[in-house]
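Architecture and fold: a report
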Amino acid sequence: MRCSTGPGASGKGKGLIAAVGRMGGGPRSIPVARSPPTPPLVPVRRGLGDRLVGFVLVKMLSADLRCLDAHAHLGNFVFHRRPEDAIRHYEVGVRIGELSLSRDFDGVLPWGRVDNRPFLRCLQGFGLCLWRLGRHQEAVALFERMLWLNPTDNQGVQSLLPPIRAGEQWQDRHGDE
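Let us look at the structure shown here. (Residues numbered from 1 in each chain as written. Predicted model: local features only at pLDDT ≥ 70, side-chain atom pairs only at ≥ 80, totals over all residues. Heavy atoms only, no water.)

A tally of regular secondary structure across the protein gives 8 helices and 0 strands. Its helices and strands in sequence order give the protein the pattern α-α-α-α-α-α-α-α, from N to C terminus. Split into buried and exposed, the 177 residues of the protein put 42% on the buried side. Of the contacts made within the protein by residues no fewer than 6 positions apart, 59% connect residues no fewer than 24 positions apart. For the protein, the computed accessible surface area is about 10400 Å², with 55% contributed by carbon and sulfur atoms. (Helix = DSSP H or I, 4+ residues; strand = E, 2+ residues; numbered from the N terminus. Buried < 20%, exposed > 50% of the residue type's maximum accessible area, 1.4 Å probe, protein only. Contact = heavy atoms within 4.5 Å. Areas by Shrake-Rupley, 256 points an atom, 1.4 Å probe, with all protein chains shown as cover.)

What follows is the structure in structure tokens.
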């Protein structure tokens, strides 16, 4: 799993460790414990179970809370069972990601830039939780913001807006619940 420091993070696709490594030992460098790369999450999850994956994600966050993908995955793990817990994971990722943006940021964060994806995933999960918990106006505002940030809508946010605006309750459209 890659960890970026937030939307638009530099590192040319190599994540936080590479970016910190290039910074050198100057006063602005961030101490990061170097460890072997984490294996892909899907094989770990299938082979050793959700508890180990959760442990790996929490361990990643204990090394660096800015790992937005870890926040998104933790939210994904509990979304179907406990959306009130999932929303906290997503919101932490959103708030940390927002710290990387200026207050008056009005640019785009295209999905095509891989380092933007963790932030966009946290936003989407947060919005789905808002909808699922009956907070429709907040969900609409968040999804409209996502469309401004990522106009190509690679996450399918546009299709979610009509039922939310109509006040429809969230339904699991994939039959996972």
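This is not the end of the story, as more comes after the structure.
What follows concerns the environment of E168. Checked against the element boundaries, E168 lands in the segment after α8 (161-165). Residue classification places E168 among the partly exposed residues on the basis of a relative accessible area of 41%. Between the C-alpha atoms of E168 and G134, which are 34 residues apart in sequence, the distance is 9.0 Å. The contacts of E168, once residues within four sequence positions are left out, are W131, H136 and P163.

Looking at the secondary structure, you find Q155 in the loop between α7 (136-149) and α8. Residue class for Q155 comes out buried when judged on its relative accessible area of 14%. Within the structure, the side chain of Q155 is placed 3.1 Å from the backbone oxygen of L120, a separation counted as a polar contact. Polar contacts involving the side chain of Q155 include one to the side chain of Q124, which spans 3.2 Å. Leave out the neighbours within four places in its chain, and Q155 touches W111, L120, R121, Q124, M146 and N150. (Polar contact = N/O pair within 3.5 Å; in protein donor to acceptor, adjacent residues only side chain to side chain.)

Running from amino to carboxyl end, helix α6 (residues 117-132) crosses α7 at an angle of 155°, the nearest separation of the two axes being 8 Å. The pairing of α6 with α7 is recorded here as roughly antiparallel in orientation. Relative to α7, α6 is oriented so that their crossing is left-handed. Between α6, through F119, L120, L123, Q124, F126, G127, L128, L130 and W131, and α7, the contact on the second element is made entirely by H136, E138, A139, L142, F143, R145, M146 and L149. Grouping the constituent residues of the contact of α6 with α7 by class yields 12 nonpolar, 3 polar and 2 charged. (Axes fitted to C-alpha atoms, helices over the stretch in contact; angles between N-to-C directions. Parallel < 35°, antiparallel > 145°, perpendicular 65-115°, else oblique. Left-handed = near helix turned anticlockwise from the far one by under 90°. Nonpolar A, V, L, I, M, F, W, Y, C, P; charged D, E, K, R; others polar.)

Summed over all chains, the structure comprises 9 salt bridges. Between R82 and D85 there is a salt bridge, and its shortest N-O distance comes to 2.6 Å. Taken together, the shared-partner salt bridges connect E91, R95, E98 and R145 into one network. (Salt bridge = Lys/Arg side-chain N within 4 Å of Asp/Glu carboxyl O.)

We now examine unusual backbone geometry. One non-glycine residue with positive phi stands out, namely D153, at about 50°. Residue D153 is classed as buried on the basis of its relative accessible area of 19%.

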